[in-house]
Amino acid sequence: GFLCKDGNVLLVATVDFPPSNTQKAANFCEFAENATQKIDKKFGTKTAFSGGCITGAENAKISKSESSKSLYITAVLLACICAVAFKRKLNLIFAIIPSLAGMALAFCILTVVYDKISAIALAFAAIAVGVGIDYAIHIIYAVESGRTPNKIAADFVKPVCIAAGTSIAAFA
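Report follows, based on the coordinates. (Residues numbered from 1 in each chain as written. Predicted model: local features only at pLDDT ≥ 70, side-chain atom pairs only at ≥ 80, totals over all residues. Heavy atoms only, no water.)

**Comments concerning the overall build of the protein**
Helix and strand counts for the protein come out as 5 helices and 2 strands. When its helices and strands are written in sequence order, the protein yields β-β-α-α-α-α-α. For 172 residues, the compact-globule estimate of 2.2 N^0.38 gives 16 Å, and the protein exceeds it by more than 25% at 25 Å. Projecting the C-alpha coordinates of the protein onto the three principal axes gives extents of approximately 80 × 30 × 30 Å. With 172 residues in all, the protein has 20% of them scored as buried. About 12,300 Å² of surface is accessible on the protein, with carbon and sulfur atoms providing 67% of the total. Where the 16 positive side-chain charges of the protein centre and where its 11 negative ones centre are 6 Å apart. (Helix = DSSP H or I, 4+ residues; strand = E, 2+ residues; numbered from the N terminus. Rg over C-alpha atoms; globule rule 2.2 N^0.38 Å. Buried < 20%, exposed > 50% of the residue type's maximum accessible area, 1.4 Å probe, protein only. Areas by Shrake-Rupley, 256 points an atom, 1.4 Å probe, with all protein chains shown as cover. Lys, Arg positive; Asp, Glu negative; His and termini not counted. Charge placed at Lys NZ, Arg CZ, Asp CG, Glu CD.)

**Some remarks on the nonpolar core**
Membership of the largest hydrophobic core comes to 15 residues, with the highest contact counts inside it found for Phe-86, Ala-95, Met-103, Phe-107 and Ile-133. When residues of this core are traced back to their parent elements, those giving at least two are helix H2 (52–85), helix H3 (90–113) and helix H4 (119–144). For this core, the element with the most residues is H4, which contributes 6 residues. (Core = buried A, V, L, I, M, F, W, Y, C linked by side-chain atoms within 4.5 Å.)

**Some remarks on the pattern of salt bridges**
This structure, assessed with the given rule, holds 3 salt bridges. Where Glu-58 meets Lys-61, a salt bridge forms, and the shortest distance between an N and an O atom there is 3.4 Å. You can see Glu-58 and its partner Lys-61 sitting in helix H2, 3 residues apart, about one turn around the helix. The exposure class of Glu-58 is partly exposed, given its relative accessible area of 35%. Judged by its relative accessible area of 54%, Lys-61 falls in the exposed class. The partner of Lys-151 in a salt bridge is Asp-155, and the shortest N-O contact between them spans 3.3 Å. Here Lys-151 pairs with Asp-155, and both are found in helix H5 (residues 149–171), just 4 residues apart, close to one helical turn. Take Asp-155: its relative accessible area is 28%, and that puts it in the partly exposed class. Through salt bridges that share partners, Arg-147, Lys-151 and Asp-155 make up one connected network. (Salt bridge = Lys/Arg side-chain N within 4 Å of Asp/Glu carboxyl O.)

**Quick look at the packing of H2 against H3**
Where H2 meets H3, the closest approach of the two axes is 9 Å, and the angle between their N-to-C directions is 160 degrees. Taken together, H2 and H3 sit at an angle that is classed as roughly antiparallel. Considering how the two elements wind past one another, H2 and H3 form a crossing that is right-handed. Of the residues in H3, those in contact with Leu-71, Leu-78, Ala-79, Cys-82 and Ala-83 of H2 are Leu-92, Ile-96 and Met-103. Within the contact of H2 with H3, the residues separate by chemical class into 8 nonpolar, no polar and no charged. (Axes fitted to C-alpha atoms, helices over the stretch in contact; angles between N-to-C directions. Parallel < 35°, antiparallel > 145°, perpendicular 65-115°, else oblique. Left-handed = near helix turned anticlockwise from the far one by under 90°. Contact = heavy atoms within 4.5 Å. Nonpolar A, V, L, I, M, F, W, Y, C, P; charged D, E, K, R; others polar.)

**A closer look at helix H1 (residues 22–43)**
Taking 1.5 Å as the rise per residue, H1 with 22 residues should run 32 Å; its terminal C-alpha atoms sit 31 Å apart, in good agreement. Buried within H1 we find Ala-25, Cys-29, Ala-32 and Thr-36. The buried residues of H1 occupy an angular sector of 70 degrees when projected down its axis, which confines them to one face. Facing away from the buried side of H1, by more than 90 degrees, are the exposed residues Glu-30, Phe-31, Lys-38, Lys-41 and Lys-42. Of the residues one or two after H1, Gly-44 is the one with positive phi, at around 65 degrees. (Expected span 1.5 Å × (residues − 1). Arc of directions from axis to C-beta.)

Have a look at this one:
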């Protein structure tokens, strides 16, 4: 530590991991917070800490929270748009349920395989749900327009597969 001119003590701590490792940064921040509380209680001081670890941990927390909110808002807005756009309200279920079920299954698998789900995975899930619902909307609109299943398959299979492939490639 260093004694400053104003009588305060500056304690410098270094970590053996990059601040971008949000899990280790969060663990370190929890340790540092507990340590500063003990110091404050024992010596009657007011201790604070800052640095890359706390910034990385807080940014990860904010990103995860905002990604979750945007996922729910997107789902509600898409449901409202589909409810207005489709003649048959049952088509809303056909457009949304497969994408949401796929996302739920993916999250179940992720939580079994990994301890935590990153904010990037949540953001990607929101995008994937939007893309999946978009493709469903095109196909359901074609059904409502009176096209036959063979005509729909001929008109949409190739473009939807190409579009899905480019979306997957963009995020790979």
